[in-house]
Amino acid sequence: MSNAALLAQSNLQVKTALTSLEEVLFWFEKTTSNFIPADILHQCQIALTEGFTNVVRHAHRSLPETTPIELEVRIFSPWIEIKIWDRGEPFNLEKALESVRQMHADPLEHEGGRGLIFMSKLTDELYYIRLDDQRNCLVMRKQI
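Residues numbered from 1 in each chain as written. Predicted model: local features only at pLDDT ≥ 70, side-chain atom pairs only at ≥ 80, totals over all residues. Heavy atoms only, no water.

A word on the sheet that holds strand β2 (residues 68-76)
And then number 1: The five strands lie next to each other as β1-β2-β3-β5-β4, forming an open sheet whose pairing is antiparallel. Only two strands of the sheet have a single partner each, and these edge strands are β1 (6-15) and β4 (125-130). Strand-to-strand twist of the sheet, defined as the mean angle between neighbouring strand axes without regard to direction, takes the value 15 degrees.
And then number 2: Strands in contact with helix α1 (residues 21-32) are β1, β2 and β3 (79-86); relative to β2, the strand with the most contacts, it is inclined by about 15 degrees.
And then number 3: The strands touched by helix α2 (residues 38-59) within the sheet are β1, β2, β3 and β5 (136-143), with β3 carrying the most contacts at an inclination of about 10 degrees. (Pairing = 2+ DSSP bridges. Helix = DSSP H or I, 4+ residues; strand = E, 2+ residues; numbered from the N terminus. Axes fitted to C-alpha atoms, helices over the stretch in contact; angles between N-to-C directions. Contact = heavy atoms within 4.5 Å.)

This is the structure we're talking about:
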């Protein structure tokens with residue numbers, strides 16, 4: 001992936017509020033719509049929505065609304081990469097996904113963990129890392 005040419009990149013910072021989602025989706029569509037097909041755009045919008053709302057509802061639930069959520073989208077010729085940084089406690093994404101899959105025969109029929117399943121199914125790569133500056137970063141990549 002490191003040999004691909006960067007076609008577009010944009011960053012956004014919003015407050016911790018579900019009402020910020022409209023701004024996030026507007027920014028995302030404006031940045032990406034000229035570079036990726038509509039079906040991929042729609043899948044990425046769903047994954048982005050799930051990732052963003054998980055930060056607001058879970059990672060930042062006990063933090064003030066002024067706590068920033070940082071986002072970045074980068075588009076390369078063969079893929080799109082979406083990053084969301086939060087300031088919540090560390091979170092083991094793989095363990096949470098496995099737990100949801102084991103608890104329910106069809107995880108999409110149950111509300112808890114459904115967003116994680118959507119993100120996993122709609123992206124080609126999904127991971128969550130803890131950074132040295134005490135932030136977390138959710139990374140989603142999808143081939144285009």
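Continuing now.
Notes on unusual backbone geometry
And then number 1: Phi at Gln134 is positive, roughly 70 degrees, even though this residue is not glycine.
And then number 2: Relative to the helices and strands, Gln134 is located in the loop between β4 and β5.

Some words on the environment of Arg135
And then number 1: Note on placement: Arg135 falls in the loop between β4 and β5.
And then number 2: When the C-alpha positions of Arg135 and Gly88 are compared, they lie 7.0 Å apart, and in sequence the two are 47 residues distant.
And then number 3: If near-sequence neighbours (up to four positions away) are discounted, Arg135 is found in contact with Glu70, Trp85, Asp86, Arg87, Ile129 and Arg130.
And then number 4: Side-chain polar atoms of Arg135 contact the side chain of Asp133, separated by 2.8 Å. (Polar contact = N/O pair within 3.5 Å; in protein donor to acceptor, adjacent residues only side chain to side chain.)

Take it as geometry only, folks, not as evidence of what the structure does.
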